[in-house]
Each structure stands twice: as structure tokens, then as C-alpha cells.
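Working through the structure, step by step
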Amino acid sequence: DLHSFPTRRSSDLRTYVAIAEFEVYAELATAREFRTGVFVGAKGMKMPYRLFIPENYDSLHSIPAVVFYHDSGQRGMDNIRQLGTIKGEGATVWALPENRRKNPCIVIAPQIAHPKLWRDKDVMAANEELLAMLGERYPKMDKNRIYGTGIGLGAEGLCNMAVKNKFVDRKSVV
């Protein structure tokens, strides 16, 4: 929070800036560990996605998944912006080294094109199909522990998915 940094001494400010730069570097380094993919739904809708599989996946019996739904500013087809790096929010937070040690999980970050919304029927259908495909590809993904999270447009879409009972049987927490 830029409003809370110390203003009395320049050395305090330099320390704050150094910590912030380290946090940005950690997120960018983590973002490079995400795999890229483009899913094509049954009705032809293309949905780019990023996927993080922890290095200890093979040694686990089952593993939860976190699906991050991005805000309106991350819409597009570049398969980058939906990670939410630089802001300390988004998909990369779940895969940071300290978090993956405490709570290992698969992280899924789909992306929708502008002007699509997460609540659109074709988007919800493609999202459902993407999760099913990844569940088959990664059988250790625990289908009873799929956690949804999002910011802005993504949070609104996640709530719509839950209300419309598209994911209630799969999502552990909304």
C-alpha cells in the first residue's frame, strides 16, 4: 500500500521500494512457471488458459485446484494478462513458492476475449468443458476441491456460475 510507506527517512523508503521490487520479481518468476494452452469448446469458443502444476504433483495422492477468474482489464487473447502479475493479486499468488509449500494446488487461469463476460452462456459452457478436460488430463486433481476466486468481473462471473448451479456440485468454496 503506497499510502502506508514510511516518509520520515529516505532509507526507509529505499527499503520499501526494494521489498516491492522483490515481490514483483517473485511474481514474474512464478508466472514463467505457468504452462500455456488454448482450449476450444464444443461450440468452437476459444479460451486461452494458463496452468500451474506443482513440482511435487507426481508424489501427491490428490491435489486441489484453484481457478482464478480475471477482471475486465485482463480480457483478450494474449494468454498473459489474466495471470494478474505486478499487482499482488491473481493466479500467480497461489503459485508463489511460500504458498505452494503450505498449500500445494493446481492453478488454472482461463482468459476470455473482449467483450465477453464470465456469465455468458458460451463462456460458462467452455469453462465447464475446460475444467473437465483438465480433470481428465490430471487425474490427481480432486474434483471435490476446486476453489474459485476472482476479482471484479471475474468475481461477478463466479457468483453467477454458482447461482446458476453450473459449478455448485464441483466448487468447494466460492
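Okay, the overall build of the protein chain next. A tally of regular secondary structure across the protein chain gives five helices and six strands. Counting from the amino terminus, the protein chain carries its helices and strands in the arrangement α-β-β-β-α-α-β-α-β-α-β. With 174 residues in all, the protein chain has 40% of them scored as buried. For the protein chain, contacts bridging at least 24 residues in sequence account for 74% of all contacts bridging at least 6.

In this structure, Arg-35 sits in strand E1 (residues 35-40). Taking relative accessible area as the criterion, Arg-35 reaches 43% and is therefore assigned partly exposed. Apart from residues no more than four positions distant in its own chain, Arg-35 is found in contact with Tyr-49, Arg-50, Leu-51, Ile-53 and Tyr-138. Among the polar contacts made by the side chain of Arg-35, one reaches the side chain of Tyr-138 at a distance of 2.8 Å.

It is worth spelling out the side chain of Asn-79 at this point. With respect to the element layout, Asn-79 can be found in the loop between strand E3 (63-69) and helix H2 (91-95). We classify Asn-79 as buried; its relative accessible area is 8%. A polar contact of 3.1 Å, which involves the side chain of Asn-79, links it to the backbone oxygen of Gly-37. Setting aside chain neighbours within four positions, we find Asn-79 in contact with Thr-36, Gly-37, Pro-48, Tyr-49, Arg-50 and Gln-111.

Right, let's get into the nonpolar core. By size, the foremost hydrophobic cluster in this structure holds 28 residues, and its most contacted members are Met-47, Leu-51, Ile-106, Ile-108, Trp-118, Leu-130 and Leu-134. Elements represented by at least two residues in this core include exactly strand E2 (46-52), E3, strand E4 (106-110), helix H4 (121-137), strand E5 (141-150) and helix H5 (153-163). A total of seven residues in this core trace back to one element, the largest contributor, which is H4. Every residue in contact with Met-47, bar those within four places of it in the chain, is listed here: Gly-37, Val-38, Phe-39, Pro-110, Gln-111, Ile-112, Trp-118, Val-123, Ala-126, Asn-127 and Leu-130. Listed in part, the eleven residues of the second largest apolar core include Ala-31, Phe-68, Ala-91 and Ala-95.

Bringing the side chain of Gln-111 into the picture now. One can find Gln-111 in the loop between E4 and H4. By relative accessible area, Gln-111 is classed as buried at 0%. Looking at Gln-111, its side chain comes within polar contact range of the side chain of Asp-78, at 2.8 Å.

The next subject is the pairing of E3. Burial of E3 is extensive: seven of the seven residues sit out of reach of the surface. Pairing between E3 and E4: three bridges, direction parallel. Counterpart to Ala-65 in the pairing with E4 is Ile-106.

When we look at a pair of aromatic rings, we describe it by the centre distance and by the angle of the planes. Scanning the model with the defined rule gives three aromatic pairs in all. Here Tyr-57 and Tyr-138 contribute two aromatic rings whose centre-to-centre distance is 5.9 Å and whose plane-to-plane angle is 85°, an arrangement assigned as edge-to-face. A residue pair is termed long-range when its members are at least 10 positions apart, and Tyr-57 in the loop between E2 and E3 and Tyr-138 in the loop between H4 and E5 qualify at 81 residues. Both residues of the pair, Tyr-57 and Tyr-138, count as buried. The interplanar angle of 75° and the centroid separation of 4.9 Å between the aromatic rings of Tyr-69 and Trp-118 together place this pair among those described as edge-to-face. With Tyr-69 in strand E3 and Trp-118 in the loop between E4 and H4, this pair connects stretches of sequence that are 49 residues apart. Of the residues examined, Tyr-69 reaches a relative accessible area of 0% and is grouped as buried.

Definitions and limits used
- Residues numbered from 1 in each chain as written.
- Predicted model: local features only at pLDDT ≥ 70, side-chain atom pairs only at ≥ 80, totals over all residues.
- Heavy atoms only, no water.
- Helix = DSSP H or I, 4+ residues; strand = E, 2+ residues; numbered from the N terminus.
- Buried < 20%, exposed > 50% of the residue type's maximum accessible area, 1.4 Å probe, protein only.
- Contact = heavy atoms within 4.5 Å.
- Polar contact = N/O pair within 3.5 Å; in protein donor to acceptor, adjacent residues only side chain to side chain.
- Core = buried A, V, L, I, M, F, W, Y, C linked by side-chain atoms within 4.5 Å.
- Pairing = 2+ DSSP bridges.
- Phe/Tyr/Trp six-rings, centres within 6.5 Å; stacked < 30°, edge-to-face > 60°.

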